[in-house]
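# Coordinate analysis (summary)
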Amino acid sequence: MAAKTPTEAETGSETASRRVFARDATGLRKDAGPLDIFIYNINNQNVALGVVFLFGVLAAYPGGNFALSVIGATLLVIPLYMVYSRLSADMPRSGGDYVWVSRIFGTSLGPFVGFTLAATLIMTAFTAIGAPMAFMTQYGIAPMMRELGDATGWSWCASFGTWAYGETGTLVIGTVFLAAFTGVMIGGVRLYMRIQKYAFLLATIGLVLGIVVIYATTRSGLHHDFDGYVQRLGGRPNASALAVRGGTATANKGFSFHSTFFAMLWTLYMVLFGASSCYIGSEVRQPARTQRIGMFGSLAFTAIGILLLVVGLLHLGGESFFMGLSGADLGLAFPLTYNELVYAMLGHSWVWALLIGGTFVFWTYVWMPINFFTATRLLLALSLDGYLPRRVSTVNRRFGTPHVAILICALFGWLSLFLFVHGTISTVTLTFAAIVMFVVSGVGAALYPFTLRRVWQSSKPTTVLGVPVISIWGTLQAACSIVILYIFWNDPGGGIHLSHTNEVLNVGAPLLALVLAVVVIVGRRLGGTDLRLASAEIPPD
């Protein structure tokens, strides 16, 4: 009798029981090109919010050189981008770093390390689905409505803006948009990429216009226009003088390395996640070229945008003004964002209100859909590897999307919106835990040429003095990530140490993920199922 071929053998009882771990093709479609990935990664960085967050706590960094902070933060993440662009090309699979790490660490450690990394990043992504819905209402829609109310004289606009900034308004508006984007996510990558192109175009028009206005306006003109805008909103007169007076104690100090070093946090918070396109690896065309262009192009765009805004705003308004602005009692129930300053300098016209305020909205929500993709693709990868029920990795035949995983993410995303609105979680919650996983993936990249030698050798490997270049970058990524962890924990303006809740969550998330890994893997093994088979191969697309 002729020997069975491998395909025939799969129908045998012994091997058939293993097929649950030999990953099938995902069913996802390669719909993303270089421009799509470039915009995609810019969206998960965010020029505008980086400046809003930094200027909201500027007084915490007396003597800081904020331009140098932007540059330093950008340099710190270059090793991560080198690693992620390379491994996204070598193993372009849904699930990104989970797939690499779970395979690189081998069949003994890989399942535990991979599951821990994936579960931690999923929890982080859940918080970044809900929180942007709050950012959109509080930093996008509310200011736009205030500007429209100022321009038109319609009191209902200003009232709506005030309501949108409050807890109820934020929760209601955030829920509506979260539901809408859940539909977009189910609709497919191609649909979202089409929407993001137009949204990015509008957002960039507003950004460029804002930069031009900032560099073309005098300081006296800013203060005059700002005073008028605050009074028209119902605030106190001479608001700029109040801000300058409040910032005098902390502004214009001699250079402080301490402040410059820690002020990097707010740029790091933006540029750390510009390699998120790795998670949709199997949906990217020509991944080697596309991922490299998309990741490094987005990093350059974001860093230059933040740098231009930071330098321009500080030159225009002065350190005293901006360091005192967030803490000054201007008689308003809400903080003002820099785009409102731009609107005020242009004059109270409904055209400028829509152009400046409306385009700014497109910067405030963009983390949400990207983290939808991140979480759903990690869930899909875990399901295909046998850690989660098969139903989670079901891909809709019509749209080519994992609709079950998307609905799960929508549910947890709404929960994170609720928790953010009620103050349980904050802007930087779980970011520290995610950076711990970047240390792990950096170590994995250093080991890659030695534990997955065939894969590495098949991808045009390069060495320096016999040392694999990817190992050098992986080591640098792990080291830089440890420095970044130190910043995020100890930062005086928004560090994890400032909140006991954040301390517990950021330490607890990876530990919880590890416990879940042990429970799932050991539990399945006791039941006769060996999940190590999944980490023994690179999965198909």
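Residues numbered from 1 in each chain as written. Predicted model: local features only at pLDDT ≥ 70, side-chain atom pairs only at ≥ 80, totals over all residues. Heavy atoms only, no water.

## As for the overall build of the protein
Within the protein one finds 24 helices and 2 strands. Summarising its shape, the C-alpha atoms of the protein cover approximately 95 × 50 × 40 Å along the three principal directions. Out of the 541 residues belonging to the protein, those deemed buried represent 57%. By sequence separation, contacts in the protein at least 24 residues apart represent 84% of the contacts at least 6 residues apart. Here the protein has roughly 20800 Å² of accessible surface; of this, 66% comes from carbon and sulfur atoms. Separation between the mean location of the 32 positive side-chain charges and that of the 23 negative ones in the protein comes to 8 Å. (Helix = DSSP H or I, 4+ residues; strand = E, 2+ residues; numbered from the N terminus. Buried < 20%, exposed > 50% of the residue type's maximum accessible area, 1.4 Å probe, protein only. Contact = heavy atoms within 4.5 Å. Areas by Shrake-Rupley, 256 points an atom, 1.4 Å probe, with all protein chains shown as cover. Lys, Arg positive; Asp, Glu negative; His and termini not counted. Charge placed at Lys NZ, Arg CZ, Asp CG, Glu CD.)

## Considering a nonpolar patch on the surface
Taken together, Trp-154, Trp-156, Phe-160, Trp-163, Val-172, Val-176 and Phe-177 make up a surface patch of nonpolar side chains, about 710 Å² in accessible area. Looking at the nonpolar patch, the elements with two or more residues in it are α8 (155-165) and α9 (167-187). Along the polypeptide, Trp-163 turns up in helix α8. (Patch = residues over 30% accessible without salt bridge, like charges linked within 9 Å, V, L, I, M, F, W, Y side chains within 5 Å. Salt bridge = Lys/Arg side-chain N within 4 Å of Asp/Glu carboxyl O.)

## A closer look at unusual backbone geometry
Unusually for a residue other than glycine, Lys-460 sits at a positive phi of about 50°. Locating Lys-460 in the fold gives a position in the loop between α22 (453-457) and β1 (463-464). Notably, Leu-465 is not glycine yet its phi reads approximately 55°, a positive angle. Tracing the backbone through its elements, the reader meets Leu-465 in the loop between β1 and β2 (467-468).

## Some remarks on the side chain of Thr-204
Structurally, Thr-204 can be placed in helix α10 (residues 189-216). Judged by relative accessible area, Thr-204 falls into the buried class, the value being 17%. Apart from the residues within four sequence positions on either side, Thr-204 is in contact with Phe-301 and Trp-363.

## Describing α8
Within α8 the residues assigned to the buried category are Cys-157, Gly-161 and Ala-164. Along the axis of α8, the buried residues cluster in a sector spanning 65°; they form a single face. Relative to its buried face, α8 has exposed residues pointing more than 90 degrees away, namely Ser-155 and Trp-156. (Arc of directions from axis to C-beta.)

## Regarding the packing of aromatic side chains
Per the stated rule, a full pass over the model turns up 36 aromatic pairs. Between Phe-135 and Phe-420, the aromatic rings sit 5.4 Å apart at their centres with planes inclined by 90°, giving edge-to-face as the arrangement. Highlighted residues: Phe-135 in helix α7 (residues 106-152) and Phe-420 in helix α20 (residues 403-421), separated in sequence by 285 residues. Look at Phe-135 and you get buried, because its relative accessible area is 1%. Here Phe-420 falls in the buried class, since its relative accessible area comes to 13%. Ring centres of Tyr-269 and Trp-367 lie 5.4 Å apart, and the angle between their planes is 75°; on these two criteria the pair is classed as edge-to-face. Pair noted here: Tyr-269 is in helix α14 (residues 264-271) and Trp-367 is in helix α19 (residues 367-384), with a separation of 98 residues, a long-range link. (Phe/Tyr/Trp six-rings, centres within 6.5 Å; stacked < 30°, edge-to-face > 60°.)

## Observations concerning the nonpolar core
In this structure, Phe-53, Leu-268, Tyr-338 and Phe-488 are the most contacted members of the largest nonpolar core, which totals 169 residues. The element that contributes the greatest number of residues to this core is α7, accounting for 20 residues. The contact partners of Leu-268, leaving out residues within four places of it in the chain, are Ala-73, Leu-76, Val-77, Ile-484, Ile-487 and Phe-488. (Core = buried A, V, L, I, M, F, W, Y, C linked by side-chain atoms within 4.5 Å.)

## Side note on helix α18 (residues 350-364)
One full turn of an α-helix is made of 3.6 residues, so residues set three or four places apart face in the same direction. For α18, spanning 15 residues, the distance from its first C-alpha to its last is 21 Å, which sits close to the expected 21 Å at 1.5 Å a residue. Residues of α18 that are buried: Ala-353, Ile-356, Gly-357, Gly-358, Thr-359, Phe-360, Val-361, Trp-363 and Thr-364. Summarising the contacts, the buried residues of α18 are in contact with α3 (34-43), α4 (47-56), α7, α10, α15 (287-317) and α17 (338-346). Two or three places before Val-351, at the opening of α18, Ser-349 has a side-chain oxygen 3.2 Å from that residue's backbone nitrogen. (Expected span 1.5 Å × (residues − 1). Polar contact = N/O pair within 3.5 Å; in protein donor to acceptor, adjacent residues only side chain to side chain.)

## As for the packing of α7 against helix α21 (residues 431-451)
Contact pair α7 / α21: the axes reach a minimum separation of 9 Å and the direction vectors enclose 150°. Overall, the two elements α7 and α21 adopt an arrangement that is roughly antiparallel. Once α7 is placed against α21, the crossing between them reads as left-handed. On the side of α7, the interface is formed by Val-113, Thr-116, Leu-117, Thr-120, Leu-121 and Thr-124, while α21 contributes Ala-433, Ala-434, Met-437, Val-440 and Ser-441. (Axes fitted to C-alpha atoms, helices over the stretch in contact; angles between N-to-C directions. Parallel < 35°, antiparallel > 145°, perpendicular 65-115°, else oblique. Left-handed = near helix turned anticlockwise from the far one by under 90°.)

## A closer look at the layout of surface pockets
Counted as a void, the largest pocket has a volume near 650 Å³. Among the secondary structure elements, those contributing two or more residues to the lining of the largest pocket are α4, α16 (319-325) and α17. Considering each element in turn, the lining of the largest pocket owes the most residues, 5 residues, to α4. Taken together, the residues that form the lining of the largest pocket break down as 19 nonpolar, 12 polar and no charged. In this model, the second largest pocket occupies a volume close to 400 Å³. Along its surface, the second largest pocket is lined by 16 residues, and Arg-86, Ala-89, Asp-90, Ala-288 and Ser-459 are the ones closest to its centre. Elements with a minimum of two residues in the lining of the second largest pocket: α5 (66-90), α15 and α23 (469-490). (1 Å grid on protein atoms, 1.4 Å probe; cavity = no way out; pocket = protein on both sides within 12 Å on 5 of 7 lines; lining within 4 Å. Points joined across faces, edges and corners; volume = space filled by probe spheres on them. Nonpolar A, V, L, I, M, F, W, Y, C, P; charged D, E, K, R; others polar.)

## Some points on empty space enclosed by the protein
Tallying each qualifying case throughout the model produces 3 cavities of 30 Å³ or more. Considered as a void within the structure, the largest cavity measures approximately 350 Å³ in volume. If you trace the largest cavity, you find 27 residues lining it, with Asn-44, Thr-124, Ala-128, Phe-273 and Asn-371 closest to the centre. Broken down by secondary-structure element, the contributors of at least two residues to the lining of the largest cavity are α5, α7, α19 and α21. The leading source of residues in the lining of the largest cavity is α7, at 8 residues. Ala-48, Ala-203, Gly-206, Leu-207, Gly-210, Tyr-338, Asn-339, Val-342, Ile-356, Thr-359, Phe-360 and Trp-363 are the residues that line the second largest cavity. Of all the elements in the fold, those that place two or more residues in the lining of the second largest cavity are α10, α17 and α18. When its residues are assigned to classes, the lining of the second largest cavity shows 8 nonpolar, 4 polar and no charged.

By themselves, these observations are geometric and do not establish any function.
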